[in-house]
Amino acid sequence: MGGYFNIAGRKVATHHLVLGVLAGYGLVINAALPKTDKTQPPPINPNSKEEGDFVAKFLESVEAEEKKNKH
């Protein structure tokens, strides 16, 4: 079917080598990316004080409703 390489006395298929290289690239890229805190919601930047108050009240009502619905 495909080619094989002899690595450490064992036959290794070329497609296994390719998958290993791609997985290695993925691990290196994942390790290099900055870690972000996913527990914090994004900041709210209202254009006016009224908009900020509306968003704050809305979030409070949603949180209260979630607490009420939890058993």
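Read on for an overview of the structure. (Residues numbered from 1 in each chain as written. Predicted model: local features only at pLDDT ≥ 70, side-chain atom pairs only at ≥ 80, totals over all residues. Heavy atoms only, no water.)

### Let's talk about the pattern of salt bridges
Test applied: Put simply, a salt bridge is a Lys or Arg side-chain nitrogen that is within 4 Å of an Asp or Glu carboxyl oxygen. Secondary structure elements are taken from DSSP: a helix is a run of H or I of four residues or more, a strand is a run of E of two residues or more, and numbering for both begins at the N terminus. Burial classification: accessible surface area is computed with a 1.4 Å probe over protein chains only, and a residue below 20% of its type maximum counts as buried, one above 50% as exposed, and the rest as partly exposed.
Going through the model one piece at a time under the given rule, you end up with one salt bridge. For Asp 53, the salt bridge goes to Lys 49, with nearest N and O atoms at 3.5 Å. Taken as a pair, Asp 53 and Lys 49 lie in helix α2 (residues 49-69) at a separation of four residues, close to a single helical turn. With relative accessibility at 65%, the residue Lys 49 sits in the exposed group.

### Looking at the pairing of strand β1 (residues 4-7)
The cut-off we apply is this: Two strands make a pair as long as DSSP finds a minimum of two bridges between them.
The sheet contact formed by β1 and strand β2 (residues 10-13) spans four bridges and is antiparallel. Looking at the pairing, Phe 5 lines up with Val 12 of β2. Connecting β1 to the antiparallel partner β2 that follows it, the hairpin turn spans two residues, and Ala 8 within it adopts a positive phi of roughly 55°.

### Let's talk about the packing of aromatic side chains
Cut-off, in case you're wondering: When the centres of two rings from Phe, Tyr and Trp lie within 6.5 Å, Trp using its six-membered ring, the rings pair. Their planes under 30 degrees apart give stacked, over 60 give edge-to-face, and anything left gives tilted. Two limits define a charge over a ring: the Lys NZ or Arg CZ must be within 6 Å of the ring centre, and within 35 degrees of the ring normal.
Applying the stated criterion across every chain yields a total of zero aromatic pairs. Its end group placed over the ring of Tyr 4, Lys 11 keeps NZ or CZ at 4.7 Å from the ring centre.

### Details of the environment of Gly 9
Inspection of the secondary structure assignment puts Gly 9 in the loop between β1 and β2. Given the relative accessible area of 68%, Gly 9 is considered exposed. Separated by 39 residues in sequence, Gly 9 and Ser 48 have C-alpha atoms that sit 71 Å apart.

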